[in-house]
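# Close look at the chain arrangement
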Amino acid sequence: MYVVGIDLGTTHCALASVDTRKGAAAEVVDFPVPQLVRPGELSPRPLLPSCVYLPSEAELPGAGLRLPWSGDEVPRVAVGELARWQGAKVPGRLVASAKSWLCHPGVDRSADILPWGAPADVAKLSPVEASALLLRHLAAAWDAAHPGQPLSAQEVVVTVPASFDEAARALTVSAIRRAGIQRFTLLEEPQAAFYDFTSRHRADLPRALSGTRLVLVVDVGGGTSDFTLVHAGVAPEGPVLKRLAVGEHLVLGGDNMDAAVAKALETRWAEGGRRLSATQWTQLLQAARTAKEALLADGPPERHGVSLVAEGSRLLGGTLSGELSRDEVQALVLDGFFPRVDGAESPRRSARLGIQELGLPFAQDPAITRHLAAFLRAHAPAVSRALGESTDFPRPDAVLLNGGVFNSPQLSARLLDVLSSWWPDRPRIPLLAHGSLDRSVARGAAWYGLVRKGFGLKIGGGAARAFYVGVAGSAAGEPPRAVCLIPRGLDEGGSVALTERPFTLTLGRPVQFPLYASTADRLDAPGEVVEVADEETFRPLPPLHALLRSATARTGDVAVQLSATLTELGTLELFAESPATAEKWRLEFELRGATRTAGAAVTEPLPARFSEAVEEVVRIFGNKPLPVEPRDVKNLFRTLEKVLGPREGWRLPMLREIWTALMAGASRRRRSPDHERVFFQLLGYALRPGFGYPLDAWRSEESARLFKELLTHHGEKPNWAEFWVAWRRVAGGMDAGTQGQLYDWMEPHLRRRLLPEGARPKEKLKGIQPEGLDEMVRCAASLEHLEPAQKAALGELLLGRLREEPARAATAAWALGRLGARVPLYGSAHRAVPPEVAAGWLEALLAVGPGAVDGAPFAAMQLARCTGDRARDLDPALRESTVAALAKAKAPARWVQLVREPVALEAQDEARALGDSLPAGLRLG
């Protein structure tokens, strides 16, 4: 039997193993991975490039993709070196850096979104499936080389970044299981690198660590940077190792450096500030990576040629070529990513979003040395306790480097120079020797499996982060509160139960809990209540959710206790348990995409007179008709304001409870035209914007059940207006399927009404004919989960309205801005319409003249908004034309900034984009 270590890397994957039958004498053995390097040409390579290529039907015939273990089945994709090679020529079909997408909260990570920015006709994969394909290849290659010892029967250790949050770990687990690997555990990459060091020094570890009490592991890979501190102590039985701290997640690594070099070349080549296409950019990235590695290697050449085939490009055409000098690359990479900074410096932050050249949310400040200085200062208390001496800025006794970035001696030397300069009166900090920067993680993972069996020295320290669950809320304006669920340092396999803090939940109704993680040096005990003061200390995770059903058919409220287990995999499992019924429900992470959940409060105190407000709603929509005058129905909003105060001040918890009371009387909305109109008016207002509070997705889906019933009093135009406004307000909480059902009903009516008179279908649509075209258009434009093709088709219909009916141009402009927005308000970025579609709409708006149409300047800003992701951004020249048009229309300076650089929307602009006011206290970003 073997223990197999797998480094599932951003740039490369590696595999190593140990034969457990040999015990402590076992040697770690690298596994050269057989892979296609050219069509039909198989060769073992030390590493498997983390690339998946999706060929077209006419490309790479079946024989060219066949592998020894594929049998009669022809693979539909290429994996590894062939994928990397072919992807350099046709980058629009290459999936790379899938691992980085597993931790991107701004997209639906389970959706088919990669290759990012690829044309619509290219088949796509989810980040999870792309990772699974890499693992399947490794598993199949192992099985072919070890008949009778399949990987599925071995103990497997897969590595992840130390800074991966629980959501990213859960997705990694899903990918591993999809690959057919069931017996596995997870290990953090910096620890794996350290285990490789201990493996190589198993016979002389005390000597190798002599005089070393604090080891800093700096792991800079292709996609992430991880920092870890390990305490090397001494006990009577020998050395003792304990992990003291890990850093926050940084999407910052070799990919960013390649992008910086490529950007310098693009600036040199492109004329008038225009940029390369997404496809050309991907080609240039690979060329820049090669040039960077050559110029930063030992004894580098002074210059390196770079060429880019741009045939057929309307932008540049032909072949571009040029040279990069060693000094230029050193300035970009060394000074940009490893600058000489003071140890007191912190990462620079601003309203500007992190660069997203590859579609990923990179760290705002690329200076790894600044992040490192802040990491050391943040964890000074933990180091002080471990070493028994006080320090505000702990100095490591040795550094262990990991990651392909440090294959460059210049980068290794610069990091040591900067680090040592922070203590100028002390000797230079030494490096611990590594075996291989590319393979040490896989080797260490394999050795860790043997350590778990009692052979070798285990690194202690338990959980690197603490977890907190949101609890009953604070007063308005005060920081939300949370209770510590898992403390830092809890050992794997350990469990915690919050027996002293019960929650009351309703059976048959979904529940949702905000969850936070913190790597801060805090000593909170399980059950301790803390203030969630800032997102730097308490990182919000996707919320936990579950649907509680009782096996005993019990209904109503039940008291539950929360419990948590840190599994042997290193992942988090959470449960709600009823002491009364001994039933237990597992809580799952909500990983759907970018929908936000505001606040930490599961509940929040309601106004003293709230029960009076509920009585007013019940009086109008209750089971038994009460003496109600028509004016009482019409004035329900006014009556509620007399009880609760001005509606603008109604907070989320109160609004959602109003929704609950209203939905209980949903069937009574048909009593009169006024009942129906007021019902939808209050429904939309109480649930807007459809997300932002626990259980909003469930509320929105429950509300959406009413859509198919349309209106009873469908001859009343005011009712139609409120009907469409309500669904626009609720849309943000619906899933893609529900939004699609709404649009399927609306689309033929919209097409019939928006087409020019002579182009409309002659056949009359059957059934109820809707009124309120303008509000129906706004509603449809608010469905961000629609496919880009559906949005594009609706937008083309609206262009005619924009040009031909000036009286309704404002509605068309608002809708075009929402449909073509470069940054969605709640949806996944992969459903944004292609840049060329948004550009056409923008040009039409500019031709009409933004200042001549109400709302057009804001719509133009949304269409031209800069994201930093060239798969979504429009041509810089068109954005500059938009800037000029905005200035002419006297638009706010903030809108100009949004077009020129990637910054977040302010609250008033978020509300304008939604077409509605936001509930008090809600912030979408």
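Residues numbered from 1 in each chain as written. Predicted model: local features only at pLDDT ≥ 70, side-chain atom pairs only at ≥ 80, totals over all residues. Heavy atoms only, no water.

### Thoughts on the overall build of the protein
From N to C terminus, the protein includes 30 helices and 28 strands. Along the first, second and third principal axes, the C-alpha set of the protein runs to 90 × 70 × 60 Å. When the 925 residues of the protein are sorted by exposure, 58% land in the buried category. Contacts in the protein between residues at least 24 apart in sequence constitute 71% of all its contacts with a sequence separation of at least 6. Within the protein, one finds 108 positive and 108 negative side-chain charges whose respective centroids are separated by 3 Å. (Helix = DSSP H or I, 4+ residues; strand = E, 2+ residues; numbered from the N terminus. Buried < 20%, exposed > 50% of the residue type's maximum accessible area, 1.4 Å probe, protein only. Contact = heavy atoms within 4.5 Å. Lys, Arg positive; Asp, Glu negative; His and termini not counted. Charge placed at Lys NZ, Arg CZ, Asp CG, Glu CD.)

### Things to note about the pairing of strand β14 (residues 238–246)
Two elements, strand β13 (residues 225–235) and β14, share 8 bridges in a ladder whose sense is antiparallel. The residue bridging histidine 231 from the neighbouring strand is lysine 242, located in β14. Between β13 and β14, which follow one another and run antiparallel, lie 2 residues. Note: β14 against strand β18 (residues 459–460), 2 bridges, orientation parallel. Each bridged residue has a counterpart across the sheet, and for leucine 241 the counterpart in β18 is isoleucine 459. (Pairing = 2+ DSSP bridges.)

### Section: the pairing of strand β20 (residues 481–486)
Burial analysis of β20 places 5 of its 6 residues in the buried class, the great majority of the element. Examined bridge by bridge, strand β19 (residues 466–470) and β20 share 4 bridges and lie antiparallel to one another. Residue pairing across strands places phenylalanine 467 opposite isoleucine 486, the latter belonging to β20. Both β20 and strand β24 (residues 529–531) contribute to a ladder of 3 bridges, which runs antiparallel. Opposite alanine 482, over in β24, you have valine 530 as the bridge partner.

### Observations regarding the sheet that holds strand β7 (residues 51–53)
An order of β8-β7-β9 is seen for the 3 strands of this open sheet, with the pairing classed as antiparallel. With one partner strand each, in any of the chains shown, β8 (78–79) and β9 (94–96) form the two edges of the open sheet. Relative to β8, β7 runs antiparallel, the two sharing 2 bridges. Residue valine 52 lies in a different strand from β8, and its bridge partner there is valine 79.

### Describing the side chain of serine 672
Tracing the backbone through its elements, the reader meets serine 672 in the loop between α18 (652–664) and α19 (673–687). Its relative accessible area of 19% is what places serine 672 among the buried residues.

### Quick notes on the confidence of the model for the protein
Counting all residues, the mean pLDDT for the protein is 86, and 92% of those residues have values of 70 or more. Scored below 50 in pLDDT, residues 310–317 shows 13 contacts in the model against residues more than four places distant or in partner chains. (pLDDT = per-residue confidence, 0-100.)

### What to know about the packing of α18 against α19
Relative to each other, α18 and α19 sit at 145 degrees, their axes nearing to 8 Å. Handedness of the α18/α19 crossing: left-handed. Between α18, through Leu655, Arg656, Ile658, Trp659, Leu662 and Met663, and α19, the contact on the second element is made entirely by Phe679, Leu682, Leu683, Tyr685, Ala686 and Leu687. Tallied by class, the residues present in the contact of α18 with α19 amount to 11 nonpolar, no polar and 1 charged. (Axes fitted to C-alpha atoms, helices over the stretch in contact; angles between N-to-C directions. Left-handed = near helix turned anticlockwise from the far one by under 90°. Nonpolar A, V, L, I, M, F, W, Y, C, P; charged D, E, K, R; others polar.)

### Remarks on the packing of aromatic side chains
Counted under the stated rule, the structure contains 30 aromatic pairs. Taking 6.1 Å as the distance between ring centres and 55 degrees as the angle between the ring planes, the aromatic pair formed by phenylalanine 707 and tryptophan 724 counts as tilted. Of this pair, phenylalanine 707 sits in the loop between α20 (696–704) and α21 (717–730) while tryptophan 724 sits in helix α21, and the two are 17 residues apart along the sequence. Since its relative accessible area comes to 5%, phenylalanine 707 is described here as buried. Aromatic pair tryptophan 724 and tryptophan 745: ring centres 6.3 Å apart, planes at 35 degrees, arrangement tilted. Taken together, the residues tryptophan 724 in helix α21 and tryptophan 745 in helix α22 (residues 736–754) connect sequence positions 21 residues apart. What links up through ring pairs into an aromatic cluster is the set Phe621, Phe679, Phe680, Phe707, Trp720, Phe723, Trp724, Trp727 and Trp745. Stacked on the ring of tyrosine 685, the Lys or Arg arginine 647 has its end atom at 6.0 Å from the ring centre. We note arginine 778 situated over the ring of tryptophan 814; from NZ or CZ to the ring centre the distance is 4.9 Å. (Phe/Tyr/Trp six-rings, centres within 6.5 Å; stacked < 30°, edge-to-face > 60°. Lys NZ or Arg CZ within 6 Å of the ring centre and 35° of its normal.)

### Some points on the nonpolar core
Among the nonpolar cores identified, the biggest contains 104 residues, and Trp727 and Leu750 are the most heavily contacted of them. Not counting chain neighbours up to four residues away, the residues in contact with leucine 750 comprise Tyr743, Leu773, Met776, Val777, Ala780 and Leu794. (Core = buried A, V, L, I, M, F, W, Y, C linked by side-chain atoms within 4.5 Å.)

### Here we look at the pattern of salt bridges
Inspection of the entire model under this criterion finds 46 salt bridges. The salt bridge involving glutamate 81 is made with arginine 84; its shortest N-O contact spans 2.6 Å. Of this pair, glutamate 81 and arginine 84 both sit in helix α2 (residues 81–89), separated by 3 residues, roughly a single helical turn. A relative accessible area of 11% means that glutamate 81 is categorised as buried. By relative accessible area, which is 30% here, arginine 84 ends up partly exposed. (Salt bridge = Lys/Arg side-chain N within 4 Å of Asp/Glu carboxyl O.)

### Section: the state of the cysteines
This structure, assessed with the given rule, holds 0 disulfides. The thiol of cysteine 51 is not disulfide-bonded; the next cysteine sulfur, from cysteine 13, is found 9.2 Å away. According to the relative accessible area criterion, cysteine 51 is buried, its value standing at 8%. (Disulfide = S-S within 2.5 Å.)

### A look at the sheet that holds β13
Pairing within the open sheet is mixed, and its 5 strands lie in the order β17-β12-β13-β14-β18. With partners counted over all chains shown, the strands left at the sheet margins are β17 (398–402) and β18, one partner each.

### Focus: the environment of glutamate 701
Its location among the elements puts glutamate 701 in helix α20. What glutamate 701 contacts, discounting residues up to four positions off in sequence, is Gly733, Met734, Asp735 and Thr738.

### Description of helix α4 (residues 127–145)
With 19 residues, α4 extends 28 Å from end C-alpha to end C-alpha; this agrees with the ideal 27 Å at 1.5 Å per step. The element α4 is extensively covered by neighbouring structure, given that 15 of its 19 residues are classed as buried. (Expected span 1.5 Å × (residues − 1).)

### Points about unusual backbone geometry
With the exception of glycine, the majority of residues adopt a negative phi angle, and the majority of peptide bonds are in the trans configuration. The linkage connecting leucine 114 with the following residue, proline 115, adopts the cis geometry, with an omega of 5 degrees. Mapped onto the elements, proline 115 comes out in the loop between α3 (98–101) and α4. Following arginine 688, the chain continues into proline 689 via a peptide bond in cis, with omega recorded as 0 degrees. A positive phi angle, near 50 degrees, is found at leucine 710, a position not held by glycine. Following the sequence through the fold, leucine 710 ends up in the loop between α20 and α21. The exposure class of leucine 710 is buried, given its relative accessible area of 9%.

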